[in-house]
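# An overview of the molecular structure
Spelled out from the first residue to the last, the chains are:
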Amino acid sequence: MNTQFRKGVIEMCILSILLKRDRYGYEIVQEIASYTEINEGTVYPILRRLTAEEYFVTYLKESTLGPARKYYHMTEKGRAYLESLKRDWREFSHMVDQILEDGKREDRQ
């Protein structure tokens, strides 16, 4: 899959995961990895950028399993951004589906 396309989709997935509840970075990686192959080197730069753009705020929470963990919490700005991305995704995927269906029809002719 195209790397840039994949990063955009992963960004939307990260936002969607954090809409449900606050999570720490590795937990986000594991959630996405349950659906597709991904590594931390893809997720952490996206988390840093989205935090810098104020879609998330972070806080530290003590862990019984080691050092404190940095949790990500979605802001209202992040919620609005996710809704915008979801609208764009639906429009884009609908357009692609139409093109693919049109291609199928031409193959049959």
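Residues numbered from 1 in each chain as written. Predicted model: local features only at pLDDT ≥ 70, side-chain atom pairs only at ≥ 80, totals over all residues. Heavy atoms only, no water.

Counting its secondary structure elements, the chain contains four helices and three strands. From first element to last, N terminus to C terminus, the chain shows the α and β order α-β-α-α-β-β-α. Here the chain has a C-alpha radius of gyration of 17 Å; the compact-globule value for 109 residues is 13 Å, and the former is much larger. Projected onto its principal axes, the C-alpha positions of the chain cover 65 × 30 × 20 Å. The contacts in the chain between residues at least 6 apart in sequence include a share of 50% that link residues at least 24 apart. Here the chain has roughly 7600 Å² of accessible surface; of this, 52% comes from carbon and sulfur atoms. (Helix = DSSP H or I, 4+ residues; strand = E, 2+ residues; numbered from the N terminus. Rg over C-alpha atoms; globule rule 2.2 N^0.38 Å. Contact = heavy atoms within 4.5 Å. Areas by Shrake-Rupley, 256 points an atom, 1.4 Å probe, with all protein chains shown as cover.)

Moving on: the nonpolar core. Counting residues in hydrophobic clusters, the biggest one holds 20 residues, and the most contacted among them are Ile14 and Phe56. Of all the elements in the fold, those that place two or more residues in this core are helix H1 (3–20), helix H2 (25–33), helix H3 (40–52), strand S3 (66–74) and helix H4 (76–108). Examining the composition of this core, we find that six residues originate from one element, H1, more than from any other. Setting aside its immediate chain neighbours within four residues, Phe56 contacts Ile14, Leu15, Leu18, Leu47, Leu50, Thr51, Tyr72, His73, Met74 and Thr75. (Core = buried A, V, L, I, M, F, W, Y, C linked by side-chain atoms within 4.5 Å. Buried < 20%, exposed > 50% of the residue type's maximum accessible area, 1.4 Å probe, protein only.)

Relative to the elements of secondary structure, Tyr71 occurs in strand S3. When the C-alpha atoms of Tyr71 and Leu82 are compared, they prove to be 19 Å apart, with 11 residues separating the residues in sequence.

Here we come to unusual backbone geometry. Residue Glu54 is not a glycine yet carries a positive backbone phi of 70 degrees. Residue placement: Glu54 occurs in the loop between H3 and strand S2 (56–63). Residue class for Glu54 comes out exposed when judged on its relative accessible area of 52%.

Summed over the entire model, instances satisfying the criterion amount to four aromatic pairs. Both rings, one in Tyr55 and one in Tyr81, keep their centres 4.2 Å apart while their planes meet at 5 degrees; by these two values the pair is stacked. Pair noted here: Tyr55 is in the loop between H3 and S2 and Tyr81 is in helix H4, with a separation of 26 residues, a long-range link. Site record: aromatic cluster; members linked through ring pairs are Tyr24, Tyr59 and Tyr71. A cation over an aromatic ring shows up here: Lys61 above the ring of Tyr71, its NZ or CZ 5.3 Å from the ring centre. Sitting over the ring of Tyr24, Arg69 keeps its end group 4.2 Å from the ring centre. (Phe/Tyr/Trp six-rings, centres within 6.5 Å; stacked < 30°, edge-to-face > 60°. Lys NZ or Arg CZ within 6 Å of the ring centre and 35° of its normal.)

Let us now look at a nonpolar patch on the surface. A contiguous nonpolar surface patch, about 450 Å² in accessible area, is contributed by Phe5, Trp89, Phe92, Met95 and Ile99. By residue number, the principal contributor to the nonpolar patch is H4, which donates four residues. Mapped onto the elements, Ile99 comes out in helix H4. (Patch = residues over 30% accessible without salt bridge, like charges linked within 9 Å, V, L, I, M, F, W, Y side chains within 5 Å. Salt bridge = Lys/Arg side-chain N within 4 Å of Asp/Glu carboxyl O.)

What follows is about the pairing of S2. Relative to S3, S2 runs antiparallel, the two being bridged by seven bridges. Bridge assignment links Ser63 to a residue of S3, and that residue is Gly66. The hairpin formed by S2 and S3 contains two residues between the paired strands. (Pairing = 2+ DSSP bridges.)

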